[in-house]
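Residue-level structural notes
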Amino acid sequence: PAATTSATVEAEVVSNASSPSPAGGFAGVYKDPRAQQLWEIKEDACAVIAVRESDGREVRGWFQGSVLTLEFQNNKSFKATLRGSELKWSTTKADPWIKV
């Protein structure tokens, strides 16, 4: 996300959920309903990367089991789990991102 706050988390994610990539089932394009931004989650070398469609901002991350962690500015990390087509943030009250 651009400005990471407890109210808004922004990160774009794009990838194929069935591909054997570091992004795993998290890969794909998501919409942040609060910021009205699209994010793509995909793999980049050995890491997961989230890219915001509007300006190309990149956020790095990783996943362990069923938890995705994205590391934003100032070393702030946010964890999320995938529930159906929603990326639910467990460490913030931000609205879930919806897979498009």
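Placed above this text is the structure.
About the cut-offs
Residues numbered from 1 in each chain as written. Predicted model: local features only at pLDDT ≥ 70, side-chain atom pairs only at ≥ 80, totals over all residues. Heavy atoms only, no water. Core = buried A, V, L, I, M, F, W, Y, C linked by side-chain atoms within 4.5 Å. Buried < 20%, exposed > 50% of the residue type's maximum accessible area, 1.4 Å probe, protein only. Helix = DSSP H or I, 4+ residues; strand = E, 2+ residues; numbered from the N terminus. Pairing = 2+ DSSP bridges. Axes fitted to C-alpha atoms, helices over the stretch in contact; angles between N-to-C directions.

1. Overview of the nonpolar core
Ranked by size, the top nonpolar core spans 16 residues in total, and within it Ile 41, Leu 68, Leu 70, Leu 87 and Trp 89 carry the most contacts. Elements with a contribution of two residues or more to this core: strand S2 (37–44), strand S3 (47–52), strand S5 (67–72), strand S6 (76–83) and strand S7 (86–89). Among the elements that take part in this core, S5 stands out by supplying three residues, more than any other.

2. What about the sheet that holds S3?
In space, the eight strands of this closed barrel follow the order S1-S2-S3-S4-S5-S6-S7-S8, with antiparallel pairing throughout. Neighbour-to-neighbour, the strand axes of this sheet turn through a mean angle of 30 degrees, independent of strand direction. Where S5 lies against S6, six bridges are found, and the strand directions are antiparallel. The residue of S6 that forms the bridge with Leu 68 is Ala 80.

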